[in-house]
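This is what each chain is made of:
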Amino acid sequence: MASTKRLLHLCVAAICFSPFAGCDSGGPQIVPVEGTVKLDGKPLDKILVEFWPTSDGPRSFAETDAQGHYKLMTDDGKLVGASVGTHKVTMKDAGLFAKFMGRAGEGVNMAEGKKPRISGKLSNAESTTLKVTVDASKKLNEFNLDANVK
């Protein structure tokens, strides 16, 4: 009887600690991240926000809605949020490159001669000066981003 209990406990432990069980994925920890993007105090719509981790982890991205709100998801589209740790943040005016996005850009009038609303410095992970740290202890990491960086 005691050996049967011991065998049962060993089986449960083996299943729980198996990399295929889902108890521990072994990958970077992903936590929810959202916020708003504003320019001169006004929310910006159609801004592509990207979080580029400075260590291991996937890139995360989102596009802002009419209120400037974004909610990140990982590159593979499977997880909501961003990996724990420091990230370089980039922002791009999605309205300016909509013609390259196929059907998603059909509603954007490229003939209006729009100028970028976001500094070119913020559009590249190599040149951006904007960094944030995603904290594992928070249920939701909220980052309100200012697009006024020159």
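Scroll up a little and you will see the structure.
Residues numbered from 1 in each chain as written. Predicted model: local features only at pLDDT ≥ 70, side-chain atom pairs only at ≥ 80, totals over all residues. Heavy atoms only, no water.

Moving on, we come to the overall build of the protein. The number of helices and strands found in the protein is 1 helix and 12 strands. A total of 150 residues make up the protein; the buried ones form 33% of that total. Of all intrachain contacts in the protein linking residues separated by at least 6 positions in sequence, the fraction that spans at least 24 positions is 65%. Element-wise, carbon and sulfur atoms account for 56% of the exposed surface of the protein, whose accessible area totals about 9600 Å². (Helix = DSSP H or I, 4+ residues; strand = E, 2+ residues; numbered from the N terminus. Buried < 20%, exposed > 50% of the residue type's maximum accessible area, 1.4 Å probe, protein only. Contact = heavy atoms within 4.5 Å. Areas by Shrake-Rupley, 256 points an atom, 1.4 Å probe, with all protein chains shown as cover.)

What follows concerns the side chain of Asn 141. Relative to the helices and strands, Asn 141 resides in strand S11 (residues 141-142). A relative accessible area of 1% places Asn 141 in the buried class. At 2.7 Å, the side chain of Asn 141 and the backbone nitrogen of Asp 135 are in polar contact. Sequence-distant contacts of Asn 141, that is, excluding residues within four places in its chain, are made with Val 31, Pro 32, Val 33, Glu 34, Thr 133, Val 134 and Asp 135. (Polar contact = N/O pair within 3.5 Å; in protein donor to acceptor, adjacent residues only side chain to side chain.)

Across the 7 residues of strand S4 (residues 47-53), 6 count as buried, placing the element largely inside the fold. Inspection of the sheet shows S4 paired to strand S9 (residues 85-93) by 7 bridges, in the antiparallel sense. Paired with Trp 52 across the bridge in S9 is Lys 88. Examined bridge by bridge, S4 and strand S5 (residues 60-63) share 4 bridges and lie antiparallel to one another. Along S5, the bridge assignment pairs Val 49 with Ala 62. (Pairing = 2+ DSSP bridges.)

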